[in-house]
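A closer look at the structure
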Amino acid sequence: MSVRQAGPQRPGAAPATRGLRRFATPRTPQQERCELCGVPVADGGHRHLVDTEKRSLACACTPCALLFQQPGAAGGRFRTVPDRYLADPDHHLEDGAWELLQIPVGVAFFFRNAALDRLVAFYPSPAGATESELEPSAWQAALGGSRLADLLEPDVEALLLRRSEGRAECYLVPIDICYELVGRMRLLWQGFDGGAEARADLQAFFEHVGRRAKAPGEVRRP
């Protein structure tokens, strides 16, 4: 299995002396700004775009997010992350199918990379988002039975799977919350299995997703 770290790109870490001073000096809250047009982003108006060339997320104001919902805007480089959550309560995942994924934890998310024209799989780890390069037969065994797979929008949505105590959960979610989950797990992870705090946070995260998710027939395609 080949793995590599992936996810939204950020600037490198500051030198140690600057880092220590950062904790010793009160910080002034900074206004969030749209990374495309530079305007301040008000609370509740914060959206994300996927930069398909850099494979990263960008913060956006509502007008820019609406602009890049249009097919072909900016040559297709930027795509707005939708906000729909769908659930497949009937999804069944055999033990053998999960083992084919070669993912060492009970959570993974899958999205279709439009440039590569294939599905890619990631899972949270202490190092961040780690990619598992799968054969088509592996993800087909895990996802082929889900009715959500045909609804997945490339680059901007993901199928989020969780396997716990022999039960599988399958959701279609915005891609940005998957990276949010990765960041939370990286911050809280302790020991081999993540630790009690990480497991509690993971449970709360999936409860939140479950409350938001609707049946596919209740939501139109973005």
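Report follows, based on the coordinates.

Cut-offs and rules
Residues numbered from 1 in each chain as written. Predicted model: local features only at pLDDT ≥ 70, side-chain atom pairs only at ≥ 80, totals over all residues. Heavy atoms only, no water. Buried < 20%, exposed > 50% of the residue type's maximum accessible area, 1.4 Å probe, protein only. Helix = DSSP H or I, 4+ residues; strand = E, 2+ residues; numbered from the N terminus. Pairing = 2+ DSSP bridges. Axes fitted to C-alpha atoms, helices over the stretch in contact; angles between N-to-C directions. Parallel < 35°, antiparallel > 145°, perpendicular 65-115°, else oblique. Left-handed = near helix turned anticlockwise from the far one by under 90°. Contact = heavy atoms within 4.5 Å. Nonpolar A, V, L, I, M, F, W, Y, C, P; charged D, E, K, R; others polar. Phe/Tyr/Trp six-rings, centres within 6.5 Å; stacked < 30°, edge-to-face > 60°. Expected span 1.5 Å × (residues − 1). Core = buried A, V, L, I, M, F, W, Y, C linked by side-chain atoms within 4.5 Å. Salt bridge = Lys/Arg side-chain N within 4 Å of Asp/Glu carboxyl O.

**What to know about the pairing of strand 9 (residues 157-164)**
Buried residues dominate strand 9, accounting for seven of its eight residues. Where strand 6 (residues 107-113) meets strand 9, four bridges bridge the pair, whose relative direction is antiparallel. Of the residues in strand 9, the one forming a bridge with Phe 109 is Leu 160. Bridging between strand 9 and strand 10 (residues 167-174) involves eight bridges; their strand directions are antiparallel. The residue bridging Glu 157 from the neighbouring strand is Pro 174, located in strand 10. The turn joining strand 9 and strand 10, which pair antiparallel and follow one another in sequence, is formed by two residues; a positive phi near 55 degrees is taken by Glu 165.

**Considering the packing of helix 5 (residues 175-188) against helix 6 (residues 195-212)**
Helix 6 packs onto helix 5 with a crossing angle of 160 degrees between their chain directions and a minimal axis gap of 9 Å. In terms of axis orientation, helix 5 runs roughly antiparallel to helix 6. Two packed elements cross with a definite hand, and for helix 5 against helix 6 that hand is right-handed. Contacts between helix 5 and helix 6 involve Ile 177, Leu 181, Arg 184, Met 185 and Leu 188 on the former and, on the latter, Glu 197, Ala 198, Asp 201, Leu 202, Phe 205 and Val 209. Here the contact of helix 5 with helix 6 is composed, by residue class, of eight nonpolar, no polar and three charged.

**Quick look at the packing of aromatic side chains**
The final tally for this structure, using the stated rule, is six aromatic pairs. Centre to centre, the rings of Phe 109 and Phe 122 are 5.6 Å apart; their planes meet at 20 degrees, and the pair counts as stacked. Pair noted here: Phe 109 is in strand 6 and Phe 122 is in strand 7 (residues 118-125), with a separation of 13 residues, a long-range link. Of the residues examined, Phe 122 reaches a relative accessible area of 4% and is grouped as buried. Measuring from ring centre to ring centre gives 5.6 Å for Phe 109 and Tyr 179, while their planes differ by 80 degrees; the resulting arrangement is edge-to-face.

**Quick notes on helix 5**
An α-helical turn contains 3.6 residues, so any two residues separated by three or four positions project in the same direction. Taking 1.5 Å as the rise per residue, helix 5 with 14 residues should run 20 Å; its terminal C-alpha atoms sit 21 Å apart, in good agreement. Of the residues making up helix 5, those classed as buried are Ile 175, Asp 176, Ile 177, Cys 178, Tyr 179, Leu 181, Val 182, Met 185 and Leu 188.

**Describing the nonpolar core**
Taken as a class, soluble globular proteins show a tendency for nonpolar side chains to be buried jointly. Ranked by internal contacts, the top residues of the largest apolar core, which has 51 residues, are Phe 109, Phe 110, Phe 111, Leu 160, Leu 161, Val 173 and Ile 175. Where this core is concerned, the elements lending two or more residues are strand 5 (86-87), helix 3 (95-100), strand 6, strand 7, strand 9, strand 10, helix 5 and helix 6. Considering every element that reaches this core, the biggest residue donor is helix 5, with eight residues. Not counting residues up to four positions away in its chain, the partners in contact with Val 173 are Arg 84, Tyr 85, Glu 157, Ala 158, Leu 160, Cys 178 and Val 209. Core analysis: the next-biggest nonpolar cluster, separate from the first, contains nine residues, Leu 49, Ala 60, Phe 68 and Phe 78 among them.

**Points about the pattern of salt bridges**
Where charged atoms from two side chains of opposite charge come close, those side chains can pair. In the structure shown here, the tally under the stated rule is eleven salt bridges. Asp 88 is the salt-bridge partner of Arg 147, the closest N and O atoms lying 3.7 Å from each other. Placement of Arg 147 in the loop between helix 4 (136-143) and strand 9 and of Asp 88 in the loop between strand 5 and helix 3 is noted, with a sequence separation of 59 residues between them. Residue classification places Arg 147 among the partly exposed positions, given a relative accessible area of 43%. The partner of Arg 184 in a salt bridge is Glu 180, with the nearest N and O atoms 3.0 Å apart. Of this pair, Arg 184 and Glu 180 both sit in helix 5, separated by four residues, roughly a single helical turn. Members of the salt-bridge network, linked through shared partners, are Asp 51, Glu 53 and Arg 77.

**Quick word on the sheet that holds strand 2 (residues 47-51)**
With antiparallel pairing, the three strands of this open sheet are ordered in space as 3-2-4. Strands at the two margins of the open sheet, each flanked by one partner only, are strand 3 (56-60) and strand 4 (78-80). Geometrically, the sheet is characterised by an average inter-axis angle of 35 degrees between neighbouring strands, direction not taken into account. The sheet contact formed by strand 2 and strand 3 spans five bridges and is antiparallel. From the neighbouring strand, Arg 47 faces strand 3, where its bridge partner is Ala 60.

Fair warning: the whole summary comes from geometry, so function is off the table for now.
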